[in-house]
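Architecture at a glance
These are the residues of each chain, in order.
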Amino acid sequence: GKYNVDHTCEHIANNPDNRCGWENIDGTKASDACLVACGACDTASPVTPSPTDPPISSSPVSFSPTSAPNQSNVACEDDLNWHGKFDVDHTCEHIANNPDNRCGWESTDGTKASEACKVACGTCDTTPVTPVPTNKPTDVSTNNPTTNPTSSPMTASPTDLPTKKPAASPTDQPVTPGPTASPVSGPVDFTAEWTSSYASGNETLIHRDISSIMNYQPAMPLPDDASDLPAACPHLEPDLLDWNDPNIAWPLSGPGPPPADGTDVTLPTGASIIVRGGHLASTHESPYGRITIPAGSRLIFDDVGASGLIEMHTLGITVEGALEAGSPTCRVQGNIQITLHGEYGNPSGAVSDRHLSDAASSDMGLKGILVKDVLGARFDFHGKLYHPTWTRLAAPVPDSNILPSAPLVRQSEIFLQDCVDWPDAGRIIVTTSHVKDTRGYNFNEEAIIEVGGVACVTVDGRQYGKVTLASPLVHYHHAGEKEYQCEVGLVSRNIIIQGNDHSDSTDNSPLECDATVSGWTKMPCPNTFLTGFGGHTIVVGQAEGRLRGVEFYRMGMTNIMGRYPVHFHHQLREAGAVSEVTDCAVHRSYFRAITIHDAFNLKVQRNTAFDISGHAFYLESGVEELNRVEYNLAAFVHPINGAQLMASNVVGNKFQSDTILVPADHTASGFYISNVHNYVVGNAASGGWSGIQFPVLPQPADKTLRYSGIVPKDRPSLHIAGNSIHSSSWFAANSGGMYEGGSLYWDEADLDSETLIYNAGRVSSSRLTRYTTDDNGNDDWLRIYNTTVWLVNIGATGWGKRSEINGLEVSDFQNRAVFVLFTVWMNSIVINCRTSNALLVPNPGSRSYEDMLNDGTKWSGFFTYDHLMNHILTNWRVSNCGGVARGLEPWVEGGAADTGNAGLVTIPVNGLAPEVQLISKGMQFDWPTVGGPDFVEESIFFAASGSDDIYSMQYQSNWEDADGSWTNRKVNTDTSTVMGAARAGAWWHLDLRPGKCETRDGWKFPQQLCDKDERKLASMFTVVMPQSGQQGSAVLNMIDPNTNARKTRQGSMTHFGLLGDSSLTTCMPPATCGDTTPRSWDPDLTGPFNHAQYGGWYLSFDEGTPVHLSIMKIQMEEGATMVQAMSLPSGTLASDVRIWAESSSRPYDFTLASSLEDVRNAVNGDQYFLDEATNTLFYRVIAGYVESDYSYGWISNNYLSSFTREGLTVTDTTSKNQIQIHIEISCPTDSTGAFCASKPEFVVPSMGCSDGEVMVAIDQCGLPCELLEEGCSTPPPSSSPTVTCVSCSDEPTSWMITEGYECATGPNWLINSKCNQAPYWVNNNYCEARCQSAGLGYHETSCCSSTI
């Protein structure tokens, strides 16, 4: 397949229904290439099969040839129901592809493949019997079929080996079987013991299926060789030369074993030398010097068994030949420890090797293992397999204060979601369950496994791991059902590569310093932890590296380029395809964990990284693609030279310097994915500035690749799925645990690429914004699937232009669950506001960004943005977000008062005016956890943040609830609800008829909710020319250069048919308006319309009629009819008016119509009408375009790309260059030259209803009775009418009192949308007398006159 060289026909055969449509890099489908696997063979006439290319795999494969039909035993057949115990795809068919290694595999009931797969394993009884046909032919095509097949197994060709050549001197010597993936004895039923000795009350263990609400986190798969018997072990080859053989002539030291006195060692050319137990003379005090393995030579470590140890001390190893311990088919069981030293003797008596940093920056081999760019050079270390390398708790670990009811034995006997096969005395780590994770605020723990302390137990029919520790844990570590669980990882391996005891930082205090930015108390200190100088490994160019089951400890050299624990550097694609870092561990690293630099097709899987300085899993330059970063754990990750504190979206630049080599390390994260065209699957990130960061790189961050033409930031995502993140994003107000942001770049004037610049926040320039495109340059989306995030500041934050977040579960966030900008589809989002752990987590400080987790007045579920957004929200689920979760009165007796401005949804009202940018459907509420359906009426459901004296968002914010599920309004009735700011008065009151609209005035930011019906929403800029920049008018600066455009009224907007009011004091934010809604000098104009028959928007300007009004950036559904009108000075003639459209400087003049109806009916919206009786100018607005032939009409879809997902659409917005509609009036002007000197009268056009009809909606006329509760039906007369009345009060709601409304004089739109239309009013008899007189009363009889 084109994405993975392991996706051969054999792989296709395991799932042909889903895989036969796959293609390879030249576009050939599997159905065409894998005819047998896909059942696509021509059965009409047999043909001779052509051989297929052998698969490329990480281990040699032996193929059994096709043989003649079985003539011996009719009962000899493969059991079609058998499969291996670790993978259901490991059937007899899979066994047949490598019987030598796989016939010893077992099923879950212990049946071996050799017993169940007799044909595949060649274990049939050979007693002759009458021949019969075989039961079923194999479905898998034979690789490299021979012309004359034999009856004996055939060894695969050397091209199947990752080394690209056969192992030297193959041997027939027997080998000791390696461990299975889980050598622990079969699970025993532990249910009774759990219940009696471990459980707290009715507590049950947490299995993977109930680990979170959506269970997005996939299980770690077993490696392909998990149950293979060892084969092709290099240490068992004959004719190997022993290291201490006295007859070896060493090139530098002569005959006999080389001395361990710091002098260099070079292997003889062409020699294969093995190091056995007891061979090496090196010690901590007396290491070997540099060891060089020339091309054609091999240095092989013996397998000394589980109780043995080979220990080497050296100043470094340079590999041009091969450095080997085991092979891809042979994992070493014995212990190997290589310690890398900085300088023999430490001449200055220094406690650190850091004095070698200058030399190390130019010498790749210093204190490292360097595998040089030489064809055939390889680094093959294959340690014992421990699986899984990390998992999660199945039960919380108590401490003395938290979960005191749990037996304390659970501090030293922990339960895991998976059975593990971890070693005695192995070192494990347990991650934090706090929101902050730094060296000075560390709740991670390390522990040692007790001898014999690993067991696999069954509780209530499910298997769990049970691990007994040598000493108890100290801190609480959370595990909650349908919440989240802390990770537990193994960092011990039987092969260790480590730095010496002169590696640690010497500048390691203090752990925290006073914060330099308001809002935080403490922060990681700058100028500390900069002197770490551990070992490193690097594989370069043509060289190959296969590192499996290796532990890297005290590795990495802080701020020295390229000196990382594991580093693949400028590796050729062919070498990357056969290289891997799998099942390894990196801990206490001074510079990163695993680095991929200009490398491709590399496997980085199932690794554990803990206590890492700088980004841990690191794609260095941004050109790296097609790599597999999968099922890794990164925990306890530290920024370098102090963390970037970020109080807003905008922050200053950081520069490359002597104290920070890569300034992006100020925001060090678990996973730094600088190019998303990779597989990033199933990883877990604990701690770090963010958990997973997708930075913005306009060019590769490598001076040698800068001008390669690659734009890393715009590459399409390959597959990013199933990752989890926690305890991160604490350092910034608006960054997320998953963070698409932070720009690393070269100054465009810095042509020599001397200094990298980093900005951690949002940078508005297009050069530093992600514009995802596909391989053909077409718009594409950054797609991220099934992410789980908890204990973070924000779950996900992104600044890219086009994103799809499919599956995101966020729990226990400090600030917001999700905050993503621009064009985004957010599907299957779970907001689980507070779990049982939240109250157990103390605030890490008292400042504004540190005390939010347990302050229910501060956090918001979904925080929208002010403008330029296109957001489609589908299939969300909300849990534990009500007043109880917030801990507030009146939901919690004695709780804090809700004095904050946060809600489940929070709208920023201090920004620019919004366009039509939010539409949703498929929302779900876990009603019992949010307080029941009343939750959608409560104050905490919908709120606004920011200054309330800005017009734009106060009056024009909007949201379309396409199925009513978000507001729980008219659900399952095919009714779409439009939400608009209630403060805007009649502007968002779409329909005056009973039952069509309601006001949620209990919300902190009250909204008008109306049936959308056939209406549309549109937005545009209305700019009084001349324009200033992209957003506003230069005229305001002429009037008052010191004013704020968003806080300064420009005029008003009113629907046709309403009374209207031109008074400058009609209403000002945050006051609630009536029929007329004010507009500011922010040019955005957004609202509802459908003017095909009635209605229109009337715009007024306080300074008078604009001489030149330009309408641009139009967002409107094609074919919709919008009519606008404005008043002109008295005496203006039609000849004084010019309306024209412009596209790319091409003009098109509108024509004068004879009536408003002509304007409405103009197909291309290109007519206008001047009513000289009222001095009113009527015109149409469309999203138009002037073609190159100067024709005019609706803009083609070729120029716009409306955003559609799951049947919902956010219409695209035209650019200024695509269309401007200009309205020019010839008149004497005022002093600014921008307005006519004579101000017009304020006259709102009428609806133009027929006789006997009245306005019943912003776009409809109807009978007056339609406005009554009973409608237009005439009730039958009563035979004996009785006149009665009831005594009525007239008490307003608290919101009305706040807004200054009285029942008797309140606006009609309010009364018509409330009264008996709103259960909240009905229950409290609000405005009882007024509602009764309006025909919307609560009683069948009228109010007595004395009470009206």
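About the thresholds
Residues numbered from 1 in each chain as written. Predicted model: local features only at pLDDT ≥ 70, side-chain atom pairs only at ≥ 80, totals over all residues. Heavy atoms only, no water. Helix = DSSP H or I, 4+ residues; strand = E, 2+ residues; numbered from the N terminus. Buried < 20%, exposed > 50% of the residue type's maximum accessible area, 1.4 Å probe, protein only. Contact = heavy atoms within 4.5 Å. Areas by Shrake-Rupley, 256 points an atom, 1.4 Å probe, with all protein chains shown as cover. Disulfide = S-S within 2.5 Å. pLDDT = per-residue confidence, 0-100. Arc of directions from axis to C-beta. 1 Å grid on protein atoms, 1.4 Å probe; cavity = no way out; pocket = protein on both sides within 12 Å on 5 of 7 lines; lining within 4 Å. Points joined across faces, edges and corners; volume = space filled by probe spheres on them. Nonpolar A, V, L, I, M, F, W, Y, C, P; charged D, E, K, R; others polar. Phe/Tyr/Trp six-rings, centres within 6.5 Å; stacked < 30°, edge-to-face > 60°. Lys NZ or Arg CZ within 6 Å of the ring centre and 35° of its normal. Salt bridge = Lys/Arg side-chain N within 4 Å of Asp/Glu carboxyl O. Pairing = 2+ DSSP bridges. Axes fitted to C-alpha atoms, helices over the stretch in contact; angles between N-to-C directions. Core = buried A, V, L, I, M, F, W, Y, C linked by side-chain atoms within 4.5 Å.

Here we take up the overall build of the chain. Scanning the chain from terminus to terminus reveals 19 helices and 83 strands. The buried share of the chain, taken over its 1348 residues, is 60%. Here the contacts in the chain between residues at least 6 apart in sequence split such that 74% fall between residues at least 24 apart. As displayed, the chain offers around 49200 Å² of accessible surface, 49% of which is attributable to carbon and sulfur atoms.

This part covers the state of the cysteines. Such a bond, covalent and formed between the sulfur atoms of two cysteines, is termed a disulfide. This model, assessed by the stated rule, comprises 16 disulfides. Two residues, Cys513 and Cys525, share a disulfide whose sulfurs are 1.9 Å apart. Here the disulfide of Cys513 and Cys525 is right-handed, its torsion about the S-S bond being about 110 degrees. Residue Cys513 is found in strand 23 (residues 513-514), and its partner Cys525 is found in the loop between strand 24 (522-523) and strand 25 (536-540); the two are separated by 12 residues along the sequence. At a sulfur-sulfur separation of 2.0 Å, the disulfide partner of Cys997 is Cys1010. Here the disulfide of Cys997 and Cys1010 is right-handed, its torsion about the S-S bond being about 120 degrees. In this pair, Cys997 sits in strand 59 (residues 997-1000) while Cys1010 sits in strand 60 (residues 1007-1011), placing the two residues 13 residues apart along the sequence. We note that Cys997, like Cys1010, is buried.

Moving on to the confidence of the model for the chain. Put simply, the chain has an average pLDDT of 89, and 90% of its residues get 70 or more. The low-confidence segment residues 43-74 (pLDDT under 50) makes 78 contacts with residues lying over four places distant or belonging to another chain. In the model, residues 126-184 has pLDDT below 50 throughout and makes 122 contacts with residues more than four positions away in sequence or in other chains.

When helix 8 (residues 191-198) is considered as a whole, its buried residues turn out to be Thr191, Trp194 and Tyr198. For helix 8, the angular spread of buried residues about the axis comes to 95 degrees, placing them on one side. Of the exposed residues in helix 8, the ones pointing more than 90 degrees away from its buried face are Ala192 and Ser196. Looking at the buried residues of helix 8, the elements they touch are strand 3 (188-189), strand 17 (413-416), strand 19 (445-459) and strand 20 (462-469).

Further remarks concern empty space enclosed by the protein. Under the counting rule described, the total for this entry stands at seven cavities of 30 Å³ or more. Of the voids in this model, the second largest cavity is the one considered here, and its volume is about 140 Å³. Around the second largest cavity, the lining is made up of 16 residues, and of these Arg439, Pro524, Phe529, His638 and Pro639 lie nearest the centre. Residues that form the lining of the second largest cavity fall into these classes: eight nonpolar, six polar and two charged.

Glancing now at the packing of aromatic side chains. The tally for this structure, following the rule as stated, stands at 49 aromatic pairs. On the numbers, 5.3 Å between centres and 80 degrees between planes, the contact of Trp730 with Phe731 is edge-to-face. Just as Trp730 is buried, Phe731 falls in that class too. Between the aromatic rings of Phe1056 and Phe1178, the centroid separation amounts to 5.9 Å while the plane-to-plane angle is 85 degrees, which identifies the pairing as edge-to-face. With Phe1056 in the loop between strand 64 (1049-1055) and strand 65 (1077-1080) and Phe1178 in strand 74 (residues 1176-1180), this pair connects stretches of sequence that are 122 residues apart. Exposure class is identical for Phe1056 and Phe1178. Each is buried. Each member of the aromatic cluster is reached from another via a ring pair, and the members are Phe862, Trp876, Phe925, Trp927, Phe935, Phe941, Phe942, Trp959, Trp966, Trp1003 and Phe1005. Just above the ring of Phe1101 sits the side chain of Arg1079; from NZ or CZ to the centre is 5.1 Å.

All right, on to the pattern of salt bridges then. A full pass over the atoms with the stated rule returns 59 salt bridges. Close ionic contact of Arg298 with Glu237 constitutes a salt bridge, the shortest N to O distance being 3.0 Å. Taken together, the residues span a long stretch of sequence, with Arg298 in strand 10 (residues 298-301) and Glu237 in the loop between helix 8 and strand 4 (241-242) at a distance of 61 residues. Overall, the relative accessible area of 9% leaves Arg298 in the buried class. With relative accessibility at 8%, the residue Glu237 sits in the buried group. The salt bridge involving Glu937 is made with Arg1000; its shortest N-O contact spans 3.5 Å. With Glu937 in the loop between helix 12 (927-930) and strand 56 (942-945) and Arg1000 in strand 59, the pair connects residues that are 63 residues apart, well separated along the chain. Classification of Glu937 by relative accessible area gives partly exposed; the value is 32%.

Taken in spatial order, the six strands of this open sheet run 66-61-68-79-70-71, and their pairing is antiparallel. At either end of the open sheet lies a strand with only one pairing partner, and these are strand 66 (1084-1089) and strand 71 (1146-1149). Recorded for the sheet is a direction-independent mean angle of 30 degrees between the axes of neighbouring strands.

Our focus in this paragraph is unusual backbone geometry. Note the cis peptide between Ser509 and Pro510, where omega equals -5 degrees. A cis geometry characterises the amide bond from Pro1069 onward to Pro1070, with omega recorded as 5 degrees. Along the chain, Pro1070 turns up in the loop between strand 64 and strand 65. At Ser727, a position not held by glycine, the phi torsion is positive, near 55 degrees. On the secondary structure map, Ser727 appears in strand 43 (residues 724-728).

The strand order 65-64-67-69-74-73-72 describes an open sheet built from seven strands, whose pairing is mixed. The open sheet terminates on both sides in strands that have one partner only, identified here as strand 65 and strand 72 (1151-1152).

Two elements, strand 80 (residues 1254-1257) and strand 81 (residues 1260-1262), share three bridges in a ladder whose sense is antiparallel. Looking across to strand 81, one finds that Ala1257 is bridged to Gln1260. Hairpin connection between strand 80 and strand 81: a loop of two residues separates the two successive antiparallel strands.

Within strand 27 (residues 550-555), six of the six residues are buried, which leaves it mostly tucked inside the rest of the structure. Here strand 27 runs beside strand 30 (residues 585-589); their pairing, made up of four bridges, is parallel. In the strand pairing of strand 30, Phe552 is matched with Val586.

Core analysis: the biggest nonpolar cluster contains 113 residues, and Trp243, Leu299, Phe301, Leu323, Phe381, Trp876 and Trp966 have the highest contact counts within it. Counting residues per element, this core draws most heavily on strand 48 (residues 802-820), at seven residues. Once residues lying within four places of it in the same chain are set aside, the contact partners of Leu299 are Trp243, Leu267, Ile273, Val275, Ile291, Ile293, Met312, Ala322, Leu323 and Glu324. Core analysis: the next-biggest nonpolar cluster, separate from the first, contains 62 residues, Ile1111, Met1116, Ala1141 and Ile1195 among them.

Following the sequence through the fold, Ser1201 ends up in the loop between strand 76 (1192-1194) and strand 77 (1203-1205). Here Ser1201 falls in the partly exposed class, since its relative accessible area comes to 47%. Distance from Ser1201 to Thr1214, taken between C-alpha atoms, is 9.8 Å for residues 13 residues apart in sequence.

This part covers the side chain of Asp598. Of note, Asp598 is situated in the loop between strand 31 (594-597) and strand 32 (603-605). Beyond its immediate sequence surroundings of up to four residues, Asp598 is in contact with His570, Gln571, Ser621, Val623, Glu624 and Leu705.

Before going further, it helps to spend a moment on the environment of Leu315. Structurally, Leu315 is set in strand 11 (residues 309-319). For Leu315, a relative accessible area of 12% puts it in the buried group. For the pair Leu315 and Leu366, spaced 51 residues apart in the sequence, the C-alpha separation amounts to 6.8 Å.

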